[in-house]
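Listed here are the chains, written in short residue letters.
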Amino acid sequence: MNGTLITAFLRQRLTSPIRLAFLFLAMAFPLLFVAAAPATGFSSLENAFNFALIFGAGMIGQDTASGVLQLLFARPVRRDTYVLSRWFAASIAAAAASVAQVGLAALIMAARGSTPAAADVGITLANHLTSAFGVTAPLVLLSALAPGLGDLGLLLMFYISSAILQTVAPAINQPILANIGQIVQQVLSPVIDFHKVQLSAMAWNPIVAWASTVTLSLALAIVVLNRKELSYASTS
Amino acid sequence: MPRLRDARGTTSRAMPRVLLLVAVALLIARVGTGVWEHQHPPALGERLTWRPLAAAQAEAAAAHKPILYEFSAEWCGPCKVLSSEVFADDHSAHLIESWFVPVRVVDTQREQGHNAPDVQALQDKFKVDAFPTLVVYNPANDHHESVVGYMGKAAEMQELTQALVKVR
């Protein structure tokens, strides 16, 4: 990974007014729910999916569309370093926002007389951190495939397809289609539900599945970018 | 196209061989653990002893307790959270065991396309259309109260306490 690439990416994201506006909304709305109903615990916070989208969308595609990638690869930067730095920077940003949100939610609950148990806070933080580093991995692959914010379009298309499969499957009595839809969703948003892991005496599959999706997405993103031929011709 | 190499002789487009190997190994492990855990479901850490559906009525009559039906489904995420936060918690599980005869009713509509007749009959009787739904049912007077969804341990236990009072 490359420190300069990571810092530059974070600076770019944190100076984008649109992303900051979405960040504020994604941060504030769940906290309002927590303030209104502190007894519901951390269930209103979901996971770091929204933050991963806010920081990660277009992480490679926007560089491709704007011509930054051509400039960047004219320098001695390895493409795998670039991909891993992009993923790590987006994940760190999403994780930081998520940790801040969990911390604020815990403070709000405590102030409203529903202090969360330390175990609850720990499990929620673990869920959020793994989802921050997980969701950004398939996103980096989609971003390597599509220019601009095309990764969001691809993500939406896959989600809609999997939702259709899961809705149609019971009607036509084909449970395998529902399973395929579920797998697609799991691949698109790799998270580990530590509530389930805690509940089970031993459940390695969710952890292995998360690690498998993350590594496979990153490896494929590097392969895709390695095969990408960039035009250095002037378009003006 | 020839790959450009830097001063150290390394290409800027190096194949991520180690990462690919790890990814393939994890993919194999993923399939392996998935098959293994499907065939050997991990033991749940719940502190409740769920009673068989058929035996619940007799036990409830003998113990003068209402029945607590937990309607859930394998794919239902909030049901897992309910399990881990309430049914796996010593204190909550002890209270539930002392107040009710607990019975788990698992919906299989999505997996198998249909439910067992006794499961479907209960879902129809209590008009269950969301998971998790907890139904506190007193067979002695045929009264019941439903708690739909999961809103956290404290709220759930409060709802169950109120339901217990209402069905008596």
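## Remarks on the overall build of chain B
Stage number 1. The helix and strand tally for chain B stands at seven helices and four strands.
Stage number 2. Tracing chain B from N to C terminus, the helices and strands come up as α-α-β-α-α-β-α-α-β-β-α.
Stage number 3. Its C-alpha atoms give chain B a radius of gyration of 24 Å, more than 25% over the compact-globule value 15 Å for 168 residues.
Stage number 4. Seen through its principal axes, chain B has C-alpha atoms that stretch 85 × 35 × 25 Å.
Stage number 5. Expressed as a percentage of its 168 residues, the buried residues of chain B come to 27%.
Stage number 6. The contacts of chain B with a sequence gap of at least 6 include a subset with a gap of at least 24, amounting to 70%.

## Observations concerning the sheet that holds strand S2 (residues 101-107) of chain B
Residue and element names in this part refer to chain B.
Stage number 1. The strand order across the open sheet built from four strands is S2-S1-S3-S4, with neighbouring strands paired in mixed fashion. If you trace the sheet from one side to the other, it starts and ends with S2 and strand S4 (143-148), each paired once. Within this sheet the neighbouring strands show an average axis-to-axis angle of 20 degrees, counted without direction.
Stage number 2. Here seven bridges tie strand S1 (residues 67-73) to S2, and the two strands are oriented parallel to one another. Looking at S2, one finds that leucine 68 is bridged to proline 102.

## Observations concerning the nonpolar core
Stage number 1. Formed by 49 residues in total, the largest nonpolar core has its most connected members in Ala52, Val83, Ala94, Ala132, Val140, Leu218 and Ala221 of chain A.
Stage number 2. Of all the secondary structure elements, the ones that give two or more residues to this core are helix H3 (49-56), helix H6 (79-111), helix H7 (118-145) and helix H11 (205-227) of chain A.
Stage number 3. Here this core takes 13 residues from H11 of chain A, the largest share from any one element.
Stage number 4. Once residues within four sequence positions are removed from consideration, valine 83 of chain A is found in contact with Val140, Ala144, Leu218, Ala221, Ile222 and Leu225 of chain A.
Stage number 5. Among the nonpolar cores identified, the runner-up in size contains 27 residues, and Leu68, Val103, Leu160 and Ala163 of chain B belong to it.

## Some details on the packing of H11 of chain A against helix H1 (residues 17-39) of chain B
Stage number 1. At a minimum axis separation of 8 Å, H11 of chain A and H1 of chain B run at an interaxial angle of 150 degrees. One way to sum up the angle between H11 of chain A and H1 of chain B is to call them roughly antiparallel. The element H11 of chain A and its partner H1 of chain B pack so that their crossing is left-handed. Touching Asn205, Val208, Ala209, Ala211, Ser212, Thr215, Leu216, Leu218 and Ala219 of chain A of H11 of chain A are Leu19, Leu20, Val22, Ala23, Leu26, Leu27, Ala29, Arg30, Thr33, Gly34 and Glu37 of chain B, all from H1 of chain B.
Stage number 2. Within the contact of H11 of chain A with H1 of chain B, the residues separate by chemical class into 13 nonpolar, five polar and two charged.

## Thoughts on the pairing of strand S3 (residues 133-138) of chain B
Each regular strand shows side chains that alternate between the opposite faces of the sheet.
Residues and elements named next belong to chain B.
Stage number 1. Burial analysis of S3 places six of its six residues in the buried class, which makes it a mostly covered element.
Stage number 2. Residues Thr133, Val135 and Tyr137 of S3 are buried on one face, and the alternating residues Leu134, Val136 and Asn138, pointing to the opposite face, are buried as well.
Stage number 3. Of the pairings in the sheet, the one linking S1 to S3 comprises five bridges and is antiparallel in character. The residue of S3 that forms the bridge with phenylalanine 71 is threonine 133.
Stage number 4. Pairing between S3 and S4: six bridges, direction antiparallel. Pairing of leucine 134 across the sheet is with valine 147, part of S4.
Stage number 5. Where S3 hands over to S4, the hairpin turn is made up of four residues, of which aspartate 142 adopts a positive phi near 65 degrees.

## A short note on unusual backbone geometry
All names here are of chain B.
Stage number 1. Each neighbour pair has its own omega, and for phenylalanine 131 with proline 132 the value is -5 degrees, a cis peptide bond.
Stage number 2. By the secondary structure assignment, proline 132 is in the loop between helix H6 (117-125) and S3.
Stage number 3. Look at histidine 64: it is not a glycine, yet its phi comes out positive at around 55 degrees.
Stage number 4. The residue histidine 64 is located in the loop between helix H2 (53-63) and S1 in this model.

## Examining H6 of chain B
Stage number 1. Among the nine residues of H6 of chain B, zero are classified as buried, and the element is accordingly described as predominantly exposed.
Stage number 2. Looking at the residues trailing H6 of chain B, positive phi occurs at lysine 127 of chain B, about 50 degrees.

## A short note on the confidence of the model for chain A
Stage number 1. Confidence along chain A averages 86 in pLDDT terms, with 93% of residues attaining 70 or more.
Stage number 2. Confidence scores differ between elements of chain A, with helix H10 (residues 194-199) of chain A showing the lowest mean pLDDT of 66 and H6 of chain A the highest of 93.

The rules behind each value
- Residues numbered from 1 in each chain as written.
- Chains lettered and ligands numbered in written order.
- Predicted model: local features only at pLDDT ≥ 70, side-chain atom pairs only at ≥ 80, totals over all residues.
- Helix = DSSP H or I, 4+ residues; strand = E, 2+ residues; numbered from the N terminus.
- Rg over C-alpha atoms; globule rule 2.2 N^0.38 Å.
- Buried ≥ 20, exposed ≤ 12 C-beta atoms within 10 Å, placed from the backbone.
- Contact = placed C-beta atoms within 7 Å.
- Pairing = 2+ DSSP bridges.
- Axes fitted to C-alpha atoms, helices over the stretch in contact; angles between N-to-C directions.
- Core = buried A, V, L, I, M, F, W, Y, C linked by C-beta atoms within 7 Å.
- Parallel < 35°, antiparallel > 145°, perpendicular 65-115°, else oblique.
- Left-handed = near helix turned anticlockwise from the far one by under 90°.
- Nonpolar A, V, L, I, M, F, W, Y, C, P; charged D, E, K, R; others polar.
- pLDDT = per-residue confidence, 0-100.

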